[in-house]
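Listed below are the residues making up each chain.
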Amino acid sequence: MSSWPRVEQRRWATSAREPGAEGPIGHHDGVCTVRVASVDDLDRCLEVVGGLPDYFTPDVPEKIRSDFGRCRSWVVVDDGKVAGFAVVDKRSPQVAEILWAAVDPDRRGSGLGTRLVEDVLETLWAEGVRLVEAKTLDRSAGYEPYEATIAFWKGRGFLKVDVIDPLPGWEPGNPCAIYVAPLPS
Ligand SMILES: CC(C)(COP(=O)(O)OP(=O)(O)OC[C@H]1O[C@@H](n2cnc3c(N)ncnc32)[C@H](O)[C@@H]1OP(=O)(O)O)[C@@H](O)C(=O)NCCC(=O)NCCS
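What you see is a predicted model; the values in this text were computed from it and never measured. (Residues numbered from 1 in each chain as written. Predicted model: local features only at pLDDT ≥ 70, side-chain atom pairs only at ≥ 80, totals over all residues.)

Caption draft 1: Looking closely at the overall build of the protein. Of the regular secondary structure elements, the protein holds four helices and eight strands. When burial is assessed residue by residue, the protein has 30% of its 185 residues classed as buried. (Helix = DSSP H or I, 4+ residues; strand = E, 2+ residues; numbered from the N terminus. Buried ≥ 20, exposed ≤ 12 C-beta atoms within 10 Å, placed from the backbone.)

Structure (structure tokens):
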């Protein structure tokens with residue numbers, strides 16, 4: 001089996017991790033780590049979501065609560081505090097979807113989301129996953145806050161494959177962009 005290409009070798013990677021580095025990375029004046037979430041992390045993750053009203057509607061915390069119990073989640077811990085999370089639904093041995101991802105609004109844009117997604121992708125890849133999906137609000141919605149989100153997924157190697165409006169379960173008028181990241185075989 002081929003090895004996981006380190007960040008400097010991959011088009012989508014912008015992580016601050018040094019080439020060949022293992023374990024925690026230096027991040028600003030602290031250290032960030034990524035670990036599998038436990039149910040004890042849920043309240044803090046919902047607090048992060050609550051701080052992002054421009055991104056998540058009031059019905060989302062209950063959905064995340066349900067998905068958290070059903071799926072595997074990861075958290076990124078910065079300076080000892082959970083700063084962000086990702087919830088992943090494995091659809092088959094080779095396909096997974098990142099259902100939810102968020103970083104504390106005070107810490108967005110400092111590389112934590114990249115580190116989180118990179119670690120999740122690496123773990124999934126090691127398990128045999130070769131395609132990862134993420135859904136987001138499409139640019140055609142004309143909603144400025146999601147420009148950064150779209151840039152985030154594109155920058156991590158996700159490619160837009162379709163736009164669906166209405167997507168079942170989403171409010172009409174919220175075009176859903178389907179992004180996928182192919183992982184190395
Ligand atoms: C999307 C999100 C998880 C990314 O986490 P993050 O820690 O902010 O991401 P990073 O710091 O690793 O940023 C990586 C890229 O995201 C984009 N980005 C992140 N925050 C941004 C901001 N405030 N303004 C503009 N671009 C931003 C940039 O393209 C950046 O790329 P660059 O590093 O090459 O400049 C986080 O910003 C977030 O929680 N956003 C709101 C909720 C959301 O949209 N969740 C995803 C729903 S599909």
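Structure shown, so let's carry the discussion forward.
Caption draft 2: Representation of the nonpolar core within the structure. In this structure, Trp74, Val76, Phe85, Ala86, Leu116, Val120 and Val132 are the most contacted members of the largest nonpolar core, which totals 38 residues. Sequence-distant contacts of Trp74, that is, excluding residues within four places in its chain, are made with Val34, Arg35, Val36, Ala37, Phe85, Ala86, Leu116, Asp119 and Val120. (Core = buried A, V, L, I, M, F, W, Y, C linked by C-beta atoms within 7 Å. Contact = placed C-beta atoms within 7 Å.)

Caption draft 3: The arrangement of the site of the ligand in detail. Around the ligand there are 19 residues in total, and Gly113, Thr114, Ala148, Ala151 and Phe152 lie nearest to it. Residue contributions to the shell around the ligand peak at five residues, all from helix 4 (residues 145-155). In the shell around the ligand, the residues fall into nine nonpolar, nine polar and one charged. (Near = placed C-beta within 6 Å. Nonpolar A, V, L, I, M, F, W, Y, C, P; charged D, E, K, R; others polar.)

Caption draft 4: Main features of the environment of Ile98. Its location among the elements puts Ile98 in strand 5 (residues 95-103). C-alpha separation for the pair Ile98 and Val132, spaced 34 residues apart in sequence, amounts to 7.1 Å. Among residues more than four places away in sequence, those in contact with Ile98 are Ala86, Val88, Val120, Val132 and Ala134.

Caption draft 5: Representation of the packing of helix 1 (residues 42-50) against helix 2 (residues 60-70) within the structure. Two elements in contact, helix 1 and helix 2, have axes whose closest approach is 10 Å; the angle formed by their N-to-C orientations is 150°. As judged from the angle between their axes, helix 1 and helix 2 are roughly antiparallel. Crossing angle aside, the handedness with which helix 1 passes helix 2 is right-handed. Residues Leu42, Cys45, Leu46 and Val49 of helix 1 form the contact with helix 2, whose participating residues are Val60, Pro61, Ile64, Arg65 and Phe68. Taken together, the residues that form the contact of helix 1 with helix 2 break down as eight nonpolar, no polar and one charged. (Axes fitted to C-alpha atoms, helices over the stretch in contact; angles between N-to-C directions. Parallel < 35°, antiparallel > 145°, perpendicular 65-115°, else oblique. Left-handed = near helix turned anticlockwise from the far one by under 90°.)

Caption draft 6: Broad picture of the environment of Arg107. Note on placement: Arg107 falls in the loop between strand 5 and helix 3 (112-127). Arg107 sits in the buried class, given 20 other C-beta atoms within 10 Å. Between the C-alpha atom of Arg107 and that of Asp78, which follows or precedes it by 29 residues, the distance is 9.2 Å.

Caption draft 7: Molecular detail of the pairing of strand 5. Bridging between strand 4 (residues 81-92) and strand 5 involves eight bridges; their strand directions are antiparallel. Residue pairing across strands places Asp89 opposite Glu97, the latter belonging to strand 5. In sequence, strand 4 turns back onto strand 5 through a hairpin of two residues. Where strand 5 meets strand 6 (residues 131-137), four bridges bridge the pair, whose relative direction is parallel. Within strand 6, the position partnered with Val95 by the bridge is Leu131. With respect to chirality, the unit in which strand 5 leads through helix 3 into the neighbouring parallel strand 6 is right-handed. (Pairing = 2+ DSSP bridges. Right-handed = clockwise from strand over helix to strand, strands pointing away.)

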